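Now for the letters of each chain:
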Amino acid sequence: SGTKAIDRDDSDYQHKLLRKIITAAVRAMREADPRGLFLNPVTDEIAPGYSKVIKEPMCIRTIEDKAEEMEYGHLSEYERDVRLMYSNCIKYNIGKDGTWFRGEARRQEKVWKDDILSQARELYKKETAKRRKQLERADQQDEAKKKKAVLDTAEERKRRADKISKALKDASGSTDDNAITKLKGTDVDPLPPSKAKRRKKDMDYPSMPCIATMLLSDPFVVRIILDRILRSLRADVLGGKSIPAAHSIVPSLLQLLCITQFATQLCAVRGKRFIVPDAGLTKIPVDTDNLDPAAAAAVNVQFASLRKYLPLLVGLLLQSD
């Protein structure tokens, strides 16, 4: 039929096409429903006992949401939801009290069927036919390219094989043992080109800030930074040459040390955490049961001065600002 679905391998295009067509149809349905009778879901507060009578409610907003989420695989699924919406109204509104509602449902259904649906079908038929021609043309071009590539490759291989064969015959009939080395690169088939592998979407990689903080939080790097800070404090600050805030190096190094404290938080990606070595800025819990007292104490010794003086230095920097 004219509204036959496009091939499955082009389902993404079909879903987008349906979203475009149904969204336009829904706008027309809104205009045909100036009172908003079918716009929103019906609740039992608005219509008493509605959920007992109508087992599968439907409204314009629900249809619009399904189209936006590309839940419709074919135009007939949209048609089914619209007909269900109008039939629900007629089914619930019985008796004299429901006369107006039934009449309005039939009026809007006729407008939808005669104008909106017919235009949607025509547009869907036209666009799918156009798309099918595009796919057929693309397939024909691909097939022609493949055939040409096969012919070109076969001819090129035959030409090179003949050239190599001639070179080998010349080498076997000559006194030059290095005749085979005279072959050029164009005489030998090259290796097939490598193809870059696409990065899988479901794989997690740390960002550049995460990698930077992971490197900074390495105990060896922290030890280097700390050593540089202590040497600068002894040589410049304690000697009365400057205060920490005015020093050319200490404030920047302290900022790097502060960044290491946030390494674990920055490395939290999609609910996962990348391994971050301890930076030594917080006291490391030690299992004293399995370690002798000297070894347990040695775990935190190397960063003891950092933990002791870092808050004081940061306080001085804040006061100077």
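Residues numbered from 1 in each chain as written. Predicted model: local features only at pLDDT ≥ 70, side-chain atom pairs only at ≥ 80, totals over all residues. Heavy atoms only, no water.

Further remarks concern the packing of helix 7 (residues 219-237) against helix 8 (residues 250-261). Contact geometry for helix 7 and helix 8: axes closest at 10 Å, N-to-C directions at 150°. Our classification of the angle between helix 7 and helix 8 gives roughly antiparallel. Crossing hand, helix 7 versus helix 8: left-handed. The residues of helix 8 that touch helix 7, namely those facing Val222, Ile225, Arg228, Ile229, Ser232 and Leu233, are Val250, Leu253, Leu254, Leu256, Leu257 and Thr260. A class-by-class count of the residues in the contact of helix 7 with helix 8 yields 9 nonpolar, 2 polar and 1 charged. (Axes fitted to C-alpha atoms, helices over the stretch in contact; angles between N-to-C directions. Helix = DSSP H or I, 4+ residues; strand = E, 2+ residues; numbered from the N terminus. Parallel < 35°, antiparallel > 145°, perpendicular 65-115°, else oblique. Left-handed = near helix turned anticlockwise from the far one by under 90°. Contact = heavy atoms within 4.5 Å. Nonpolar A, V, L, I, M, F, W, Y, C, P; charged D, E, K, R; others polar.)

Let us look at a negative patch on the surface. A surface patch of negative charge is lined by Asp65, Glu68, Glu69 and Glu71. Its place among the elements puts Glu69 in the loop between helix 3 (60-68) and helix 4 (75-92). (Patch = residues over 30% accessible without salt bridge, like charges linked within 9 Å, V, L, I, M, F, W, Y side chains within 5 Å. Areas by Shrake-Rupley, 256 points an atom, 1.4 Å probe, with all protein chains shown as cover. Salt bridge = Lys/Arg side-chain N within 4 Å of Asp/Glu carboxyl O. Lys, Arg positive; Asp, Glu negative; His and termini not counted. Charge placed at Lys NZ, Arg CZ, Asp CG, Glu CD.)

Turning to the packing of aromatic side chains, a few remarks are in order. All told, the structure shown has 6 aromatic pairs when counted by the stated rule. Pairing Tyr78 with Trp112 gives two aromatic rings, centres 6.2 Å apart and planes at 70°, and the pair type is edge-to-face. Remark: Trp112 occurs in helix 5 (residues 99-172) and Tyr78 occurs in helix 4; sequence separation between them is 34 residues. The burial state of Tyr78 is the same as that of Trp112; both residues are buried. Pairwise contacts between aromatic rings join Phe38, Tyr72, Tyr78, Tyr86 and Trp112 into one cluster. (Phe/Tyr/Trp six-rings, centres within 6.5 Å; stacked < 30°, edge-to-face > 60°. Buried < 20%, exposed > 50% of the residue type's maximum accessible area, 1.4 Å probe, protein only.)

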